[in-house]
Amino acid sequence: MNDHFAWLKRLVDRQNEKKYLSNCKKYERLKSMSEQELMFEYINVKVNYRHQKNIWILSIVLSVLLILQICKSCTDFINQVRTVASYQENPEVLLKIGFSIAGILAIAVIILIIILLFSYTKWLKESYKRVLFAALILECRRKQTWYFHVDIKR
């Protein structure tokens, strides 16, 4: 069973290695900056993170409002379909089509909103990582101790 997923493990290991090397390069770049450059970088990444976080919160609120509006529009559409279907001899077919259209559109929009929120969350996580790197370097310089040494040659 493990042989079937060996390719997946290798893929994950390669991605983790790339992330590690990328983080090491970021760490070394920040470590080589002067005190003023580092302070400026820290302020910039902190402000960008807070701004992105506020946008993320706003996007969640707007997403909830959009989902509620979609639900309202779907119920209005279904009520109109029921009204039109009441004048037909065979209303079941029209009702099935109406429910299908409303359901498919609502589910598609909800899935799209969820995908967008998750991708923005990943972006926010990367931004927070940059804040933590800059804060770590500043703290290490102030204490004149380095918590770890990064070896990029891995």
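Structure: see above.
Residues numbered from 1 in each chain as written. Predicted model: local features only at pLDDT ≥ 70, side-chain atom pairs only at ≥ 80, totals over all residues. Heavy atoms only, no water.

> Would you explain the overall build of the protein in this entry?
On a plain count of helices and strands, the protein comes out with three helices and zero strands. Along the protein, helices (α) and strands (β) appear in the sequence α-α-α when read from the amino end. A total of 154 residues make up the protein; the buried ones form 21% of that total. For the protein, the share of sequence-separated contacts (at least 6 apart) that also reach a separation of at least 24 residues comes to 78%. Of the roughly 11,800 Å² that the protein leaves accessible, carbon and sulfur atoms contribute 65%. (Helix = DSSP H or I, 4+ residues; strand = E, 2+ residues; numbered from the N terminus. Buried < 20%, exposed > 50% of the residue type's maximum accessible area, 1.4 Å probe, protein only. Contact = heavy atoms within 4.5 Å. Areas by Shrake-Rupley, 256 points an atom, 1.4 Å probe, with all protein chains shown as cover.)

> I keep staring at the layout of surface pockets and nothing clicks. Help me out?
If you roll a probe as big as a water molecule over the atoms, it shows you where there is empty space left. Size it by volume and the largest pocket reaches roughly 170 Å³. If you trace the largest pocket, you find it lined by Lys19, Ser22, Asn23, Lys26, Lys122, Lys125, Glu126 and Lys129. The set of elements that each furnish at least two residues to the lining of the largest pocket consists of α1 (6–31) and α3 (91–143). Partitioning the lining of the largest pocket into residue classes produces no nonpolar, two polar and six charged. (1 Å grid on protein atoms, 1.4 Å probe; cavity = no way out; pocket = protein on both sides within 12 Å on 5 of 7 lines; lining within 4 Å. Points joined across faces, edges and corners; volume = space filled by probe spheres on them. Nonpolar A, V, L, I, M, F, W, Y, C, P; charged D, E, K, R; others polar.)

> Which parts of the structure should I look at to understand the nonpolar core?
General note: in soluble globular proteins, nonpolar side chains tend to be found buried as a group. Core analysis: the biggest nonpolar cluster contains nine residues, these being Tyr27, Leu30, Met33, Leu38, Phe133, Leu136, Ile137, Leu138 and Cys140. Within the residue set of this core, elements represented by two or more residues are α1 and α3. The dominant element in this core, judged by the number of residues it contributes, is α3, at five residues. (Core = buried A, V, L, I, M, F, W, Y, C linked by side-chain atoms within 4.5 Å.)

> What should I look at first to understand the side chain of Ser63 in this one?
Among the structural elements, Ser63 can be located in helix α2 (residues 35–85). You can call Ser63 buried: its relative accessible area is 12%. Those residues within four positions of Ser63 in sequence are excluded, and the remaining contacts are Ile113 and Leu117.

> Help me understand a nonpolar patch on the surface in this model?
A cluster of nonpolar side chains, namely Ile57, Leu58, Val61, Leu62, Val64, Leu65 and Leu68, defines an oily patch on the protein surface of about 640 Å² accessible area. Positionally, Ile57 belongs in helix α2. For Ile57, a relative accessible area of 41% corresponds to the partly exposed category. (Patch = residues over 30% accessible without salt bridge, like charges linked within 9 Å, V, L, I, M, F, W, Y side chains within 5 Å. Salt bridge = Lys/Arg side-chain N within 4 Å of Asp/Glu carboxyl O.)

> Looking at this model, I keep getting lost on the pattern of salt bridges. Mind explaining?
Here the idea is simple: oppositely charged side chains can pair when their charged atoms come close. Following the criterion strictly, the structure yields five salt bridges and no others. Of the charged contacts in the structure, one is a salt bridge between Asp76 and Lys72, with a shortest N-O distance of 3.3 Å. Remark: Lys72 and Asp76 occur in helix α2; sequence separation between them is four residues, near one turn of the helix. For Asp76, a relative accessible area of 36% gives the class partly exposed. Here Lys72 falls in the partly exposed class, since its relative accessible area comes to 47%. Lys143 is paired through a salt bridge with Glu139; the nearest N and O atoms lie 3.3 Å apart. Taken together, the residues span about one helical turn, with Lys143 and Glu139 both in helix α3 at a distance of four residues. With relative accessibility at 49%, the residue Lys143 sits in the partly exposed group.

> So what exactly am I meant to see when it comes to α3 here?
One turn of the α-helix equals 3.6 residues, which is why residues spaced by three or four share an orientation. In a regular helix each residue adds 1.5 Å, so 53 residues correspond to 78 Å; α3 covers 77 Å between its end C-alpha atoms and thus fits that length. One or two positions beyond α3, positive phi appears at Gln144, with a value near 55 degrees. (Expected span 1.5 Å × (residues − 1).)

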